[in-house]
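# Coordinate inspection notes
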Amino acid sequence: ANELKAKGNEAFAAGNHTAAIDFFSQAIELDPTNHVLYSNRSASQSSLKKYTEALADAEKTVELMPAWAKGYSRKGAALFGLQEYAMAVTTYQEGLKHDPESALLKKGLSDAEAALEQEKDGGAGYGDIANQMANAFKGDVLAKIAANPKTASYLADPEFVKKVRDIQANPENMSKYMSDQRITMAMFTLMGMGDVFAKGADDFMNEADEPKARSPTQPKPAPKAEPKAMEVEEDASEEDKETAAKKAQASGAKDKGNAAYKARNFDEALVQYSNAIELDPTDITFLNNKAAVYFEMGKYDECIETAEQAIEVGREYRADYKHIAKAMGRIGTAYSKKDNLDKAIEFYNRSLTEHRAADVLTKLRALEKLRKQREEDAYLDDAKSNEARERGNEFFKAAKYAEAQAEYSEAIKRNPSDPRNYANRAACLTKLIALPDAIKDCDKCVSLDPTYVKAYTRKANALFLMREYAEALDALEEAKTHDKEKKNTVEINQTEAKCYSAISEQNSRQTPEEAIARAQANPKIAAVLANPVMQNILQQMQSDPRAAREHLKNPAIASNLRKLIAAGI
């Protein structure tokens, strides 16, 4: 059988595929369980475009050796030849499960997917070849031909240039010149396929010094033998057979481990995954699965150690980046369980550099937020917060507002629950004309202590400077409500008087019509005017001004009326 196989290989290499098939068939009769013989005969059948026979031999190859990736390559090639592109895609994908790094399978899959896509599009990639050939001669053709070393020399022949121009003028004339190999070579070069036909063109040019001298009646040179589309294999060595058998056993052990893992029988899962690793130490997935078992068992150190081994194996055997990323992500999660946030964040980031997985990104953001919160909590110190606030007060008295702001910010970091820190910084920000930030600090202050009167008066001052008089008056009303001991009455009244004075001055500079037009352009005022309740109240006040006294007892109505007053309505 080996002698016949060797003769078949020789015949295949010589391009005599019929003889190769005969030799391989005789060898199969003597050794019908040798998968390599069926694989080689399948290759020979495909070379003769006998794809049905090639498919039968390829399927027999896969049946005899399911874990041998080359068998799937043979089957995919036969299916491709039969134009069963969808089945070819499935076959190549199945083969890649057994050998993820096979360049032959990846190339076959890419070709099958492309053909399938073209088939879905109505075969435009093949059916429109005539249009592609005609379109190749559009544009600055001579410049493109001159730029290619394979075709540049053709331009020295005026007859060639004349043919090109004739094709440009009427693409249908191209059929007249297809006997000129230079036109064919130029066409494929312009279509971006020059490298495919470069060797054939070189052979043609080497057979005659002057191509134009050949008579049209002179017979063309005999075509070169068609290059081999495939290669045949020698018999797998005993070592190769043993490796393939071990891979198959390892795959079976992994399946058993998966079943045990799903049943939460972790001890059994560890045994099976360990067996798989011993049989095939090159597969990163076995180590990843084993690390997952340790994680579920709460053995985080063992999980980390196993996942690190998985990364080493993955790097050494060029595993898919997704598998390496998964190992790094699992290490990050294990460190998270050990409450080592820095290491967890480090490995999550490393995982994302390998492959950006949404779940890892979510875990990373959560840990970063937690770490920031812990850092802030560790920074808390009431005594140091008070010291920083006192330093800020000294700077404020010295009119060094920027320095005062920095100290108040430090006080807030040290004790974010003390309302005095926010109120003092608000006063400082008002001096620095950072009015929106000052208002935010005032709001934060009253959220911590709703009775903090200074926060309301400082908010009113900031709003006054922003010419938001109605809102400033609302803040002052809040201050009055909480100023039980009347300690801030003078300040409140003075600020209130400033607001009304400013409103009066503003309204004196506009006519009632202008005031209404401006009010209607203000969404807040327009909303008040459109409110049916407010419309009814305004009508009552117009007929009975004394009704205003009762309505002003309602804080919401009073606030709306202040907005209308400020707008000059």
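- As named in an unreviewed UniProt entry, the chain is Hsp90 cochaperone, taken from Coemansia linderi.

## Quick word on the overall build of the chain
- The number of helices and strands found in the chain is 32 helices and zero strands.
- The buried share among the 569 residues of the chain stands at 41%.
- Contacts in the chain between residues at least 24 apart in sequence constitute 52% of all its contacts with a sequence separation of at least 6.
- Here the chain has roughly 32,200 Å² of accessible surface; of this, 51% comes from carbon and sulfur atoms.

## Let's talk about the nonpolar core
- Among the nonpolar cores identified, the biggest contains 40 residues, and Val 293, Cys 303, Ile 311, Ile 331, Tyr 335 and Leu 367 are the most heavily contacted of them.
- Within the residue set of this core, elements represented by two or more residues are α14 (238-262), α15 (266-279), α16 (284-296), α17 (300-316), α18 (321-337), α19 (341-354) and α20 (358-379).
- Among the elements that make up this core, the one with the highest residue count is α16 (seven residues).
- Discounting residues that sit within four places of it in the chain, Cys 303 has contacts with Ala 291, Tyr 294, Phe 295, Arg 330 and Ala 334.
- One finds Tyr 456, Leu 463, Ala 472 and Cys 499 within the second-largest nonpolar core, a separate group that totals 29 residues.

## Examining helix α21 (residues 382-397)
- A rise of 1.5 Å per residue sets the reference length of α21, with its 16 residues, at 22 Å; its end C-alpha atoms lie 23 Å apart and thus fit the reference within 8%.
- Where α21 is concerned, the buried positions are Ser 385, Ala 388, Arg 389, Gly 392 and Asn 393. What you see down the axis of α21 is that its buried residues fit within an arc of 145°, all on one side.
- Tucked inside the fold, the buried residues of α21 contact α22 (401-414) and α23 (419-431).
- The N-terminus of α21 is capped by Asp 381, whose side-chain oxygen sits 3.1 Å from the backbone nitrogen of Ala 383.

## Let's talk about a negative patch on the surface
- The grouping of Glu 302, Glu 305, Glu 308, Glu 312 and Glu 316 at the surface amounts to a negative patch.
- One can find Glu 312 in helix α17.

## Some remarks on the side chain of Thr 430
- Along the chain, Thr 430 turns up in helix α23.
- Excluding residues within four positions of it along the chain, Thr 430 makes contact with Leu 435, Ala 438, Ala 462 and Leu 465.

Quick notes on the rules
Residues numbered from 1 in each chain as written. Predicted model: local features only at pLDDT ≥ 70, side-chain atom pairs only at ≥ 80, totals over all residues. Heavy atoms only, no water. Helix = DSSP H or I, 4+ residues; strand = E, 2+ residues; numbered from the N terminus. Buried < 20%, exposed > 50% of the residue type's maximum accessible area, 1.4 Å probe, protein only. Contact = heavy atoms within 4.5 Å. Areas by Shrake-Rupley, 256 points an atom, 1.4 Å probe, with all protein chains shown as cover. Core = buried A, V, L, I, M, F, W, Y, C linked by side-chain atoms within 4.5 Å. Expected span 1.5 Å × (residues − 1). Arc of directions from axis to C-beta. Polar contact = N/O pair within 3.5 Å; in protein donor to acceptor, adjacent residues only side chain to side chain. Patch = residues over 30% accessible without salt bridge, like charges linked within 9 Å, V, L, I, M, F, W, Y side chains within 5 Å. Salt bridge = Lys/Arg side-chain N within 4 Å of Asp/Glu carboxyl O. Lys, Arg positive; Asp, Glu negative; His and termini not counted. Charge placed at Lys NZ, Arg CZ, Asp CG, Glu CD.

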